[in-house]
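If you want the building blocks of each chain, they are given just below.
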Amino acid sequence: MTGSSEYVVWYDEYDEERDRHRVGGKNASLGTMMGAGLPVPPGFAVTTNAYDTLRSHDDLTVLINDLIGEIDFDIPTGLQAVSRRIRSEIEKLAVPGEIEEAVFTAYEQLCRRCGVSDVGVAVRSSATAEDLPDASFAGQQDTYLWVHGAENVLAHVAKCWSSMFTDRALAYRHEMGFDDQAIAMSVGIQKMVDPRASGVAFTLNPLTGDRTQVAIDASWGLGEAVVSGEVTPDNYLVDKVLREVVERVISDKHIEIRRTDSGVETLEVEAERRTSQCITDAEICDVAAMARRAEKHYGCPQDVEWALDRHLPDGENIVLLQARPETVWSQKARTSVSRGTYDPLGSIVSTLTAPLKAEKAN
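Computed from a prediction, not measured in an experiment: that's the story for all the values here. (Residues numbered from 1 in each chain as written. Predicted model: local features only at pLDDT ≥ 70, side-chain atom pairs only at ≥ 80, totals over all residues. Heavy atoms only, no water.)

(A) Focus on helix α7 (residues 150-162). Taking 1.5 Å per residue as the helical rise, α7 with its 13 residues ought to reach 18 Å, and the 19 Å between its terminal C-alpha atoms agrees with that figure. Of the positions making up α7, those classed as buried are Ala150, Val153, Leu154, His156, Val157, Ala158, Cys160, Trp161 and Ser162. (Helix = DSSP H or I, 4+ residues; strand = E, 2+ residues; numbered from the N terminus. Expected span 1.5 Å × (residues − 1). Buried < 20%, exposed > 50% of the residue type's maximum accessible area, 1.4 Å probe, protein only.)

(B) Quick look at the side chain of Gln213. Along the chain, Gln213 turns up in strand β7 (residues 213-220). Taking relative accessible area as the criterion, Gln213 reaches 7% and is therefore assigned buried. Within the local environment of Gln213, its side chain forms a polar contact with the side chain of Asn205, the two groups lying 2.9 Å apart. (Polar contact = N/O pair within 3.5 Å; in protein donor to acceptor, adjacent residues only side chain to side chain.)

(C) The pattern of salt bridges, seen in detail. Enumeration over the complete set of coordinates arrives at 21 salt bridges. The salt bridge partner of Arg22 is Asp19, with a shortest N-O separation of 3.0 Å. The same class applies to Arg22 and to Asp19, which are both buried. Linking Arg248 and Asp281 is a salt bridge whose minimum nitrogen-to-oxygen distance equals 2.8 Å. (Salt bridge = Lys/Arg side-chain N within 4 Å of Asp/Glu carboxyl O.)

(D) Just the pairing of strand β10 (residues 255-260), in detail. Taken together, the six bridges between β10 and strand β11 (residues 263-268) define a ladder with antiparallel strand orientation. Each bridged residue has a counterpart across the sheet, and for Glu256 the counterpart in β11 is Leu267. The hairpin turn running from β10 into β11, its antiparallel successor, is two residues long. (Pairing = 2+ DSSP bridges.)

(E) Quick look at the confidence of the model for the chain. Taken residue by residue, the chain gives an average pLDDT of 88. The fraction at 70 or more is 87%. Here residues 336-362 scores under 50 on pLDDT; set against residues more than four positions off or in separate chains, the count is 24 contacts. (pLDDT = per-residue confidence, 0-100. Contact = heavy atoms within 4.5 Å.)

(F) Summary view of the packing of helix α2 (residues 24-35) against helix α11 (residues 281-298). The interhelical angle for the contact between α2 and α11, taken along N-to-C directions, is 100 degrees, at an axis separation of 11 Å. As judged from the angle between their axes, α2 and α11 are roughly perpendicular. Along its contact with α2, which presents Ser29, Thr32 and Met33, the element α11 presents Ala294, His297 and Tyr298. Tallied by class, the residues present in the contact of α2 with α11 amount to three nonpolar, three polar and no charged. (Axes fitted to C-alpha atoms, helices over the stretch in contact; angles between N-to-C directions. Parallel < 35°, antiparallel > 145°, perpendicular 65-115°, else oblique. Nonpolar A, V, L, I, M, F, W, Y, C, P; charged D, E, K, R; others polar.)

Right under this line is the structure:
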């Protein structure tokens, strides 16, 4: 027992009824997944109670509302200027002492758990409207990687708070009709993974909606290169029944994002690794199995972020970084079996009639 509080909720102490409303979608999912026994790196959430202290600054609230009210969303440069001004105003505020103490204490406890004095962490935004079934806020707020030291962690918590007002987030909320003041920001502080490879997995085929398959994208290093579209990842399809890779496309993965002595850098991948498969078939099936456990727990298709930790032993090195509902195919009506157009064995038959294709791709 580490001691959750008004401002901190540990993932392994997360309680859906007590904490869901104050940790945002991403942190709630991580707490839920850890409670379900999935391999989630340790960490804690800084609750929206901390973010709400910003709203006690009446002058700041008025300023933000006035600036947003003046935005012409058809002029990107004006939107970006307002975003920069709001973020600057938030980040220069002093964090209240009780929040500073709560974050410092929790970070020190996380260091002790991990056996190092200044464990590297990911500082991740987790907005309360994030991952709603009818919205997709993914990638609109900021995440910071390999942050060390309590002072730096606290500074990056404030940066995550201000990232509620990135130009992307402001434009999306305007387009979707979300009230800027009705959404709050929690922040996740999570032990950093040093991945050999990472990526995303969908518990259905995102091209066809076929729920008998798991689609996996993978590339070298941190998953940010995959999520941002900076690299074309390898693509794998795993049949849920056969539990084997039935299709694969190995891409030219020309860059990777990884930790160096200078920090987090984007580096060229050496020639011999660029077109090599970045995870083994056994690891692909482990990723698929983990994604299916998340799908089974939530009872609906999931969009999962995963990583393969180079420091963990084989068989225990796949970790879950995020799970959220798939928002495209899962909202469409499923084809009725009685209409004769849905074939639940289609994926299996396809595999059995084209085994040479899969073997050749190896």
